Structures are given as C-alpha cells and as structure tokens.
Amino acid sequence: AQSVAQPEDQVNVAEGNPLTVKCTYSVSGNPYLFWYVQYPNRGLQFLLKYITGDNLVKGSYGFEAEFNKSQTSFHLKKPSALVSDSALYFCAVRDTQNTDKLIFGTGTRLQVFP
Amino acid sequence: ETGVTQSPTHLIKTRGQQVTLRCSSQSGHNTVSWYQQALGQGPQFIFQYYREEENGRGNFPPRFSGLQFPNYSSELNVNALELDDSALYLCASSLPLGLAGGPGEQFFGPGTRLTVL
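Residues numbered from 1 in each chain as written. Chains lettered and ligands numbered in written order. Predicted model: local features only at pLDDT ≥ 70, side-chain atom pairs only at ≥ 80, totals over all residues. Heavy atoms only, no water.

What's the story with the overall build of chain B in this structure? I'm lost.
Within chain B, the secondary structure is distributed over 0 helices and 11 strands. Listing every helix and strand of chain B by position from the N terminus yields β-β-β-β-β-β-β-β-β-β-β. Each principal axis of the C-alpha atoms in chain B carries an extent, and together these give about 45 × 30 × 25 Å. Within the span of chain B, comprising 117 residues, buried residues form 50% of the whole. Across chain B, contacts joining residues at least 24 apart in sequence account for 55% of those joining residues at least 6 apart. (Helix = DSSP H or I, 4+ residues; strand = E, 2+ residues; numbered from the N terminus. Buried < 20%, exposed > 50% of the residue type's maximum accessible area, 1.4 Å probe, protein only. Contact = heavy atoms within 4.5 Å.)

It is not clear to me how the sheet that holds strand β7 (residues 64–68) of chain B should be interpreted in this structure. Could you clarify?
Strand pairs in the sheet, formed through backbone hydrogen bonds, run parallel or antiparallel to each other. Residues and elements named next belong to chain B. If you trace the 4 strands from one edge of the open sheet to the other, you get β1-β3-β8-β7, paired in antiparallel fashion. Either end of the sheet is taken by a strand with one partner, and the two such strands are β1 (5–7) and β7. This sheet shows a mean twist of 20° between the axes of neighbouring strands, independent of strand direction. Sheet topology places strand β3 (residues 19–24) next to strand β8 (residues 74–78); 5 bridges connect them, and they run antiparallel. (Pairing = 2+ DSSP bridges. Axes fitted to C-alpha atoms, helices over the stretch in contact; angles between N-to-C directions.)

Help me understand the pairing of β7 of chain B, please; the structure alone is not making it clear to me.
Side chains on a regular strand alternate between the two faces of the sheet. By the alternation rule, side chains of β7 of chain B split into Phe 64, Gly 66 and Gln 68 of chain B, which are all buried, and Ser 65 and Leu 67 of chain B, of which none is buried. Between the antiparallel neighbours β7 of chain B and β8 of chain B lie 5 residues, among them Tyr 72 of chain B with a positive phi of about 75°.

Sorry, what's going on with the side chain of Ser 94 of chain B here?
Take Ser 94 of chain B: it is sitting in strand β9 (residues 87–94). Given a relative accessible area of 0%, Ser 94 of chain B falls into the buried group.

Hey, could you run me through the interface of chain B and chain A in this one?
The extent of an interface is frequently quoted as the accessible surface area lost upon association of the parts. Taken together, the contact pairs 24 residues of chain B with 21 residues of chain A. Summed over both partners, the interface of chain B with chain A comes to about 1800 Å²; 55% of that surface belongs to carbon and sulfur atoms. Between chain B and chain A we count 1 salt bridge in total. For the salt bridge of Glu 105 of chain B with Lys 49 of chain A, the shortest nitrogen-to-oxygen distance reads 2.8 Å. Between the two partners, chain B and chain A, sit 5 residue pairs in polar contact (both at pLDDT 80 or more). Of all the elements in the fold, those that place two or more residues in the side of chain B that touches chain A are β4 (31–37), β5 (44–50), β6 (53–57) and β9 of chain B. Its residues assigned to classes, the side of chain B that touches chain A shows 10 nonpolar, 12 polar and 2 charged. (Buried area = accessible area lost by both parts, 1.4 Å probe. Salt bridge = Lys/Arg side-chain N within 4 Å of Asp/Glu carboxyl O. Polar contact = N/O pair within 3.5 Å; in protein donor to acceptor, adjacent residues only side chain to side chain. Nonpolar A, V, L, I, M, F, W, Y, C, P; charged D, E, K, R; others polar.)

Explanation requested: the packing of aromatic side chains in the structure shown.
We describe a pair of aromatic rings using the distance from one ring centre to the other and the angle between the two ring planes. Taken as a whole and assessed by the stated rule, the structure comprises 14 aromatic pairs over all chains. Here the aromatic rings of Tyr 36 of chain A and Phe 46 of chain A are separated by 5.9 Å at their centres, their planes lie at 70°, and the arrangement is edge-to-face. Residue Tyr 36 of chain A is located in strand β5 (residues 33–38), and its partner Phe 46 of chain A is located in strand β6 (residues 44–50); the two are separated by 10 residues in the primary sequence. An aromatic cluster is defined as three or more aromatic residues linked by ring pairs; in this entry it consists of Tyr 36, Phe 46, Phe 90 and Phe 104 of chain A together with Tyr 35, Phe 45 and Phe 108 of chain B. (Phe/Tyr/Trp six-rings, centres within 6.5 Å; stacked < 30°, edge-to-face > 60°.)

Explain the pairing of β6 of chain B to me, please; I cannot follow it from the model alone.
Residues and elements named next belong to chain B. Judged from the 3 bridges that link them, β5 and β6 form a sheet pairing that is antiparallel. By the bridge assignment for β6, Tyr 50 is matched with Glu 53. Here β5 folds back onto β6, and the loop between the two strands holds 2 residues, one of which, Arg 51, carries a positive phi near 50°.

Honestly, the confidence of the model for chain B in this entry has me stumped. Any pointers?
For any part of a model where pLDDT is low, the fine detail of the predicted coordinates should not be relied upon. Here chain B averages 91 in pLDDT, and 91% of its residues register 70 or above. Across chain B, the element-wise mean pLDDT spans from 90 in β6 of chain B up to 98 in β8 of chain B. (pLDDT = per-residue confidence, 0-100.)

Any chance you could explain the environment of Val 93 of chain A here in plain terms?
All names here are of chain A. The topology assignment puts Val 93 in strand β10 (residues 87–95). Spatially, the C-alpha atom of Val 93 lies 30 Å from that of Phe 113, the residues being 20 residues apart in sequence. Non-local contacts of Val 93, meaning those with residues more than four positions away in its chain, are made with Ser 3, Val 4, Val 27, Tyr 32, Leu 33, Lys 101, Leu 102 and Ile 103.

Spelled out as structure tokens, the structure:
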C-alpha cells in the first residue's frame, strides 16, 4: 500500500533561519508527490509537486522540496523562514493504482518564532 | 478563473440526522474528490467523481454518498450521522490523470466544518 510519513509533529525555527519539514514515502511504481499548507480553519493550499525530472522542485512562497529516490524522501525546505510561514504542512502521494486519490501524511506543524 | 467553493462553511447537526454538503469545482475541472479531515489528522479520501460517475471510494460506509452534476459541481450526503462524523469536509477539483499529462495537483476548497452533537 502506498503511504507517506511525516516523522515530526512539530518543527520550531527562528525567523530568518532555514527550515526543513520531513516526509518519507512508500509507493509502488513512480511516486507523484505533493506538499500542501493549511492555515487555521482553512482548506489546503498547493505548494509544489514532484512528478518527474529535476530532483529539486521549486514552489510557491519561496518553498522548495528535494526528491531523493534512494532515501524515499521528499523534504520541504525554505532558505529563510518567515513568521507568516507558521501553519500545518501536509505531504501527500498520489495513488494512481486503484483510484486517483491523494494519500496524506499526518501533518507537521511549523512554528516560526520572531 | 474561480476557485473551488463549498457551502455551508459551518453546520451543526444531531446524531441520526442527515446532511448535504455542496461543492463547486474550479473552472474547467471535471473531477471532484471529497476528503474528511478529523481534528489533528490528515485528510482521508472519501470518494471521487468523474463525469457524474463515482471513480473510486475510500474506506467509508455506504451512508456516505455523493453526486456530481453536469456542471461538475458535487454533493456529499451523509445519513444517520454519528458523533465521529464531526470533521472538516474538504472538496478538491482536478483534471483527470490522462488529460493533465500526468498527475496534477488537486485544488481544495475552504471546507465545511460539521459538528455532530
């Protein structure tokens, strides 16, 4: 079965410092990976995706993610965190075997301190 | 281009009642997926509709049902509500796999917060 894991419930970082939110995946076949962000009482906003090609994917709001096939990871990164980046981040994999659905991780709460 | 919209934003029901949630997909998207997000959890796939037909279902009982209309809008119906149905219900629209040239992102609406008392 396809799945994603987000090993950290919360990540704390000081404003201006680089941030990393971790995600590992387990899939059969080619992985189609996504990052979404959720602000309080809001739906999910798409940040970036990896389908194929360059292992470093650039997305919205200065975020990027590095796909590592050997480590089955897709970590979200940003060189310089902002207080406004504080939110809940979800990694997801697209299940293309049985149905076209997204399988989400449990989420990581990012807290950026001023 | 309009985004995904959902109504209502909040809803309070009692156990045993029935509820209907509505979703309008993003312009040009003919695939709609519904997810349930319980407090503190990631979204869980309920089902998906493509061209008015159910195109896959997650691990939810039959009292969760849906519809898609010719204009691609969709409804989620839940019968015999239980306390555990309290959650944020998210609708997402997308292009189908082949048409997008590969799996594209799903665009989410703001959700409907359902509270069952």
